[in-house]
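# Coordinates in review
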Amino acid sequence: MSNIVEASVPAAQFALAETFTRRPDVEVRMVRLVAHGLDEAMPFLWADCDDVDRLRRVVGADESVHGVDVLTDADGECLLRIDWGPAVGLFAQILAEADASILDASGHDGRWQFQIFFPEHDRVSQTYEFCADHGIDIAVERIDRLSETSAYGHLGLTERQYETLVSAYELGYYDVPRGINQAELAANFDISHQALSERLRRAHGTVVTNALYHRVHRRDHAVSPRMRHGADT
C-alpha cells in the first residue's frame, strides 16, 4: 500500500547547515520539476532573499554546495540553481533504492522538512534503516496510507476533488513547466474551465488548511515508522 511520509533531517547531515547558521532568517523551498536525475536532486530552490549578493556568497561558501547561481529575484525571494555536494546525492540515492519520490521539501533553522511518496509501506522502514546506516538521523513524523477509501477522506476532500488533484498531479499540472493547463484538464473531466478552476480552488484551500493544522498540532517528538502511522489514529 502506498504511503505519504512527513519526515525531517538535520541540515548538518543533508544540506545548507552553514547557511542556516549564518542566516537563521532564511527559508528555502524546493521547486518540483518534471524529471531530473539523481545527480540533480533538488537543483532549484526558492529562498528568502533581502540581500541577493550576500545570500549568493553565503550559499556558495556552504560546505554542502559546489556551485550556486541566482536565476531571478523579486519581492524578497530568489530562485537559486544549486550544484549539490555528495550528501544530497546520498539521500537521493537512498530514496531511489526504495522507489520513493520527494513531493515537497523545505529547509529552515537547521532542519529540512520533507514530504515523500513511498509506493510500498515496507520501504519506509527500509529507508529509515538505510539512513541510520549512513549516519542520517531521519525523523519520521507522520505516515499516511493512501487507499481508495481513506485518502481523500483523511485530507478533507470530496471524492471528485481528490480525483481531480491526483489527475492534475499525474498529468503535470504542478510541474515546472506545466505539462497540462486548466483548459486541457477540464476537458479530461468533461467540465467547464470555470468549474474546474473552482474545484481546484476549493481543494487547494482544504489541503492547505489541513496541512497548516497538522503542522501547528504536530507532536513534539518524532517516532520510528514501526511505531505509528496515520491510519492507526
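Quick caveat: nothing in here was measured; it's all calculated off a predicted structure.

Inspection of every chain in the model, using the stated rule, returns seven aromatic pairs. Relative to Phe-114, the ring of Phe-14 has its centre 5.3 Å away and its plane inclined at 85°; by these criteria the two rings are edge-to-face. Of the two residues, Phe-14 sits in the loop between strand 1 (3-10) and helix 1 (17-22) while Phe-114 sits in strand 7 (residues 111-118), which places them 100 residues apart along the sequence. When sorted by exposure, Phe-14 lands in the same class as Phe-114, which is buried. Note on Phe-91 and Phe-114: the rings are 5.1 Å apart at their centroids and 40° apart in plane angle, and the pair reads as tilted. With Phe-91 in helix 3 (residues 86-97) and Phe-114 in strand 7, this pair connects stretches of sequence that are 23 residues apart. Here the aromatic cluster, defined as three or more aromatic residues joined through ring pairs, consists of Phe-14, Phe-20, Phe-91, Trp-112 and Phe-114. For the cation-ring pair, Arg-81 lies above Phe-44, with the distance from its terminal atom to the ring centre recorded as 5.6 Å.

This part is about helix 4 (residues 122-133). Between its terminal C-alpha atoms helix 4 stretches 17 Å, which fits the 16 Å expected from twelve residues at 1.5 Å a residue. At the C-terminal side of helix 4, Gly-135 shows a positive phi close to 75°.

Note that side chains of opposite charge can pair when their charged atoms are close. Summed over all chains, the structure comprises eight salt bridges. The partner of Asp-25 in a salt bridge is Arg-23, and the shortest N-O contact between them spans 3.0 Å. Note on Asp-25: relative accessible area 45%, which makes it partly exposed. Through salt bridges that share partners, Arg-23, Asp-25 and Asp-50 make up one connected network.

Looking at the secondary structure, you find Ile-116 in strand 7. A C-alpha to C-alpha distance of 5.1 Å links Ile-116 and Val-5, two positions 111 residues apart in sequence. If sequence neighbours within four positions are ignored, Ile-116 has contacts with Asn-3, Ile-4, Val-5, Phe-91, Leu-95, Ala-100, Ser-101 and Leu-103.

Judged by which residues are buried, strand 7 turns out to be one-sided: Trp-112, Phe-114, Ile-116 and Phe-118 face inward and are buried, whereas Arg-111, Gln-113, Gln-115 and Phe-117, on the alternate face, are not. The sheet contact formed by strand 1 and strand 7 spans eight bridges and is antiparallel. Within strand 7, the residue paired with Val-9 across the bridge is Trp-112. In terms of strand pairing, strand 6 (residues 101-108) meets strand 7 through seven bridges, oriented antiparallel. When the sheet's bridge partners are listed, Ser-106 is paired in strand 7 with Gln-113.

In this section: the state of the cysteines. Under the counting rule described, the total for this entry stands at one disulfide. Each sulfur of the disulfide joining Cys-49 and Cys-78 lies 2.1 Å from the other. The sign of the -45° torsion about the S-S bond sets the Cys-49-Cys-78 disulfide as left-handed. Here Cys-78 lies in strand 5 (residues 77-84) and Cys-49 lies in the loop between strand 3 (44-48) and helix 2 (52-60), a separation of 29 residues in the sequence. The buried category is assigned to Cys-49, whose relative accessible area is 8%. Given the relative accessible area of 0%, Cys-78 is considered buried.

On to the sheet that holds strand 8 (residues 139-145), then. Across the sheet, which stays open at both edges, the eight strands sit in the order 4-5-3-2-6-7-1-8 with antiparallel pairing between neighbours. Looking at which strands have only one partner, the edges of the open sheet turn out to be strand 4 (65-74) and strand 8. Strand-to-strand twist in this sheet, taken as the mean axis angle between neighbours without regard to direction, amounts to 20°. Of the pairings in the sheet, the one linking strand 2 (residues 27-30) to strand 6 comprises three bridges and is antiparallel in character. Pairing of Val-28 across the sheet is with Gly-107, part of strand 6. Sitting on the sheet, helix 3 touches strand 1, strand 4, strand 5, strand 6 and strand 7, and the angle it makes with strand 7 is about 25°.

The predicted model of the chain has a mean per-residue pLDDT of 82, with 80% of residues at 70 or higher. Confidence, expressed as mean pLDDT per element, reaches its minimum in the chain at helix 5 (residues 151-155) with 56 and its maximum at helix 1 with 96. Low pLDDT, under 50, characterises residues 34-39; the predicted model gives this stretch ten contacts beyond four residues in sequence or across chains. Across residues 216-233, confidence stays below pLDDT 50; counting only partners more than four residues off in sequence or on other chains, it has 27 contacts.

Here is what the cut-offs are and how they apply
Residues numbered from 1 in each chain as written. Predicted model: local features only at pLDDT ≥ 70, side-chain atom pairs only at ≥ 80, totals over all residues. Heavy atoms only, no water. Phe/Tyr/Trp six-rings, centres within 6.5 Å; stacked < 30°, edge-to-face > 60°. Helix = DSSP H or I, 4+ residues; strand = E, 2+ residues; numbered from the N terminus. Buried < 20%, exposed > 50% of the residue type's maximum accessible area, 1.4 Å probe, protein only. Lys NZ or Arg CZ within 6 Å of the ring centre and 35° of its normal. Expected span 1.5 Å × (residues − 1). Salt bridge = Lys/Arg side-chain N within 4 Å of Asp/Glu carboxyl O. Contact = heavy atoms within 4.5 Å. Pairing = 2+ DSSP bridges. Disulfide = S-S within 2.5 Å. Axes fitted to C-alpha atoms, helices over the stretch in contact; angles between N-to-C directions. pLDDT = per-residue confidence, 0-100.

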